[in-house]
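# Observations on the model geometry
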Amino acid sequence: MPNHLSTFGVIHTAISLVGVAVGFIALFQDGKIAPKTKNGTLYGIFTVLACLTSFLVMKTGHLSSAHNLSFLVLILFPIVYYAPSLRIFGSKADYVQTIGMTATLFFSLVPAVVETLTRLPVEQPLADGPDSPIVKTGLMTLLVLFIIIMIFQAIKLKSQRKGLTPAL
């Protein structure tokens, strides 16, 4: 299995990296990815573009589990974006939006971790496949980090509702 990226793979990767970077900038600046802010809008645009371009990048010649995550993000994104205007979520809409946007970032990072560890360094990648122990450890670390971030966001939203802290 070759470890090089096609030209389109490089374009997809660049788009994805910009989306992830903007997502992290929003998290660090605002404590969340707020869709209607400049960073939130840029994150949304680059995340959707990354998901769409992922369907044109197929290392194995067919859709993979990474593509399933792209489908999930594309389904989840409009739901969490419009959560405040959807009655179904009621008073929990801000939780759905905040934690849902963070979840889209997490889902975007899963294939990034797998691809990075199975492709780099180019001469001798750290992992020989997605089932390698280092990949599983990387994904578990990512999951724990995002659970901590989402718990922090939920606590912050709850205290914000009680008027104890300024808005996220």
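Quick note: structure is the one above.
Okay, so let's go over this structure.

Thresholds, definitions, all that
Residues numbered from 1 in each chain as written. Predicted model: local features only at pLDDT ≥ 70, side-chain atom pairs only at ≥ 80, totals over all residues. Heavy atoms only, no water. Phe/Tyr/Trp six-rings, centres within 6.5 Å; stacked < 30°, edge-to-face > 60°. Buried < 20%, exposed > 50% of the residue type's maximum accessible area, 1.4 Å probe, protein only. Helix = DSSP H or I, 4+ residues; strand = E, 2+ residues; numbered from the N terminus. Polar contact = N/O pair within 3.5 Å; in protein donor to acceptor, adjacent residues only side chain to side chain. Contact = heavy atoms within 4.5 Å. Patch = residues over 30% accessible without salt bridge, like charges linked within 9 Å, V, L, I, M, F, W, Y side chains within 5 Å. Areas by Shrake-Rupley, 256 points an atom, 1.4 Å probe, with all protein chains shown as cover. Salt bridge = Lys/Arg side-chain N within 4 Å of Asp/Glu carboxyl O. Core = buried A, V, L, I, M, F, W, Y, C linked by side-chain atoms within 4.5 Å. Expected span 1.5 Å × (residues − 1).

This brings us to the packing of aromatic side chains. Counted under the stated rule, the structure contains 8 aromatic pairs. Measuring from centroid to centroid gives 4.8 Å for Tyr81 and Tyr82, while their planes differ by 75°, and the two rings are edge-to-face. Overall, Tyr82 belongs to the partly exposed group, its relative accessible area being 47%. With centroids separated by 5.6 Å and ring planes inclined at 50°, the aromatic side chains of Phe106 and Phe146 adopt a geometry described as tilted. With Phe106 in helix α4 (residues 93-119) and Phe146 in helix α5 (residues 133-161), this pair connects stretches of sequence that are 40 residues apart. By relative accessible area, Phe106 is classed as buried at 13%. The rings of Phe24, Phe28, Phe106, Phe107 and Phe146 are connected pair by pair, giving a single aromatic cluster.

Take Ser54: it is sitting in helix α2 (residues 38-54). One polar contact links Ser54 to Ser70, side chain to side chain, over a distance of 2.8 Å. Among residues more than four places away in sequence, those in contact with Ser54 are His12, His67 and Ser70.

Moving on to a nonpolar patch on the surface. A cluster of nonpolar side chains, contributed by Met58, Leu63, Phe71, Ile75, Ile79, Tyr82, Leu86 and Ile88, occupies part of the molecular surface with about 770 Å² of accessible area. Along the chain, the position of Leu63 falls in the loop between α2 and α3 (65-81).

So, about unusual backbone geometry. Leu120 connects to Pro121 through a cis peptide bond whose omega is -10°. Mapping Pro121 onto the fold places it in the loop between α4 and α5.

Here we come to the side chain of Arg119. Relative to the elements of secondary structure, Arg119 occurs in helix α4. You can call Arg119 buried: its relative accessible area is 11%. Here Glu115 takes part through its side chain, which lies 2.7 Å from a polar atom of the side chain of Arg119.

In this section: the pattern of salt bridges. Taken as a whole and assessed by the stated rule, the structure comprises 2 salt bridges. Here Arg161 ties to Asp94 by a salt bridge, and the two come within 2.7 Å at their closest N and O atoms. Taken as a pair, Arg161 in helix α5 and Asp94 in helix α4 lie far apart in primary sequence, 67 residues in all. Accessibility expressed as a relative area gives 26% for Asp94, which makes it partly exposed.

Ranked by internal contacts, the top residues of the largest apolar core, which has 27 residues, are Ile33, Tyr43, Leu105, Leu142 and Phe146. No other element matches the 10 residues that α4 contributes to this core. If we skip the residues at most four places from it in the chain, Leu105 touches Val20, Gly23, Phe24, Leu27, Ile33, Tyr43 and Phe146.

Here the focus is α5. The terminal C-alpha atoms of α5 lie 42 Å apart, and with 29 residues this matches the ideal 42 Å at 1.5 Å per residue to within 8%. Of all the residues in α5, the buried ones are Val135, Leu142, Phe146, Ile149, Met150, Gln153, Leu157 and Ser159. Residues of α5 that are buried make contact with α1 (7-30) and α4. Gly163 sits one or two positions beyond α5 and adopts a positive phi of about 80°.

Let us look at the environment of Leu17. Structurally, Leu17 is set in helix α1. Along the sequence, Leu17 and Glu123 sit 106 residues apart, while their C-alpha atoms lie 22 Å from each other.

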